[in-house]
Amino acid sequence: MDRGLVLAARRPGRVQLVLLAWASHLFWSPKLVVWYCRQKHFVRKEKDRLKPKKKEKKDPSALKEREVPQHPSCLFFQYNTQLGPPYYILVDTNFINFSIKAKLDLVQSMMDCLYAKCIPCITDCVMAEIEKLGQKYRVALRIAKDPRFERLPCSHKGTYADDCLVQRVTQHKCYIVATVDRDLKRRIRKIPGVPIMYISNHRYNIERMPDDYGAPRL
């Protein structure tokens, strides 16, 4: 039985040793012990064992390649040259709901904030999110279907609105994001040149907007 232990327990583990001790009481032959261990995947064959990977030596004279994100040409440092009237404003679900609670008309309040024509934009993901909220938010759904709102189609997978807005703003710097969500505002602040519209003191305010545009900050 010692030969069977040597053959089967090439890489002994707790389960394997218990099995071999149990097999020795049953008077199993060494071949039968090895076969049983392989059937239960306790012992791997020589060809199935993982071989250590050989580390490739790096050539110090070789040129190092790295990917550098392309800097958008519309930015002059932090100044976004694509912003200008009429303003295209991406609206979030929470922004519509809080505007209803504050009794603010979206389009008129945006124009009062920026002193220019504003076009609210709503993506398919935000519209789907409002529709999922049910009958309780039917007023928000009616506002989202206003003909003054521009509908933006989404071609990506999934319906998570925050990721959709961040992805769209990263690709196209011509939008202002209207939201009251803290997590979304924290993510938008990491993207240079994208202003954020929010609600405070029953009116709309703008953040990270060039001083040449919009109402004065309070």
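Undergrad: Explain the nonpolar core to me, please; I cannot follow it from the model alone.
TA: For soluble globular proteins, the rule of thumb is that nonpolar side chains tend to be buried together. Formed by 32 residues in total, the largest nonpolar core has its most connected members in I89, M110, L114, I176 and M197. Ranked by residue count, the leading element in this core is helix α5 (residues 106-114), at five residues. Residues in contact with M197, not counting those within four places in the same chain, are I89, F95, M110, C113, L114, I176, V177, A178, T179, Y204, N205 and I206. L90, L184, I191 and I196 belong to the second largest nonpolar core, which has 13 residues in total.

Undergrad: What exactly am I supposed to notice about unusual backbone geometry here?
TA: It is generally the case that most residues other than glycine have a negative phi and that most peptide bonds are trans. A cis amide bond links P85 to the next residue, P86, at an omega of -5°. Mapped onto the elements of the fold, P86 is located in the loop between β2 (79-80) and β3 (87-91). We note that N201 has phi near 55°; this positive angle belongs to a residue other than glycine. As for its position among the elements, N201 is in the loop between β7 (196-200) and β8 (203-207). Its identity as a non-glycine residue notwithstanding, H202 has a phi of 60°, on the positive side. Along the chain, the position of H202 falls in the loop between β7 and β8.

Undergrad: Help me out: how do you make sense of the state of the cysteines in this one?
TA: One covalent bond between the sulfur atoms of two cysteine residues makes up a disulfide. One pass over the full model with this rule turns up zero disulfides. Considering cysteine sulfurs only, C174 is the nearest to C121, which forms no disulfide, with 8.2 Å between them.

What counts, and where the lines are drawn
Residues numbered from 1 in each chain as written. Predicted model: local features only at pLDDT ≥ 70, side-chain atom pairs only at ≥ 80, totals over all residues. Heavy atoms only, no water. Core = buried A, V, L, I, M, F, W, Y, C linked by side-chain atoms within 4.5 Å. Buried < 20%, exposed > 50% of the residue type's maximum accessible area, 1.4 Å probe, protein only. Helix = DSSP H or I, 4+ residues; strand = E, 2+ residues; numbered from the N terminus. Contact = heavy atoms within 4.5 Å. Disulfide = S-S within 2.5 Å.

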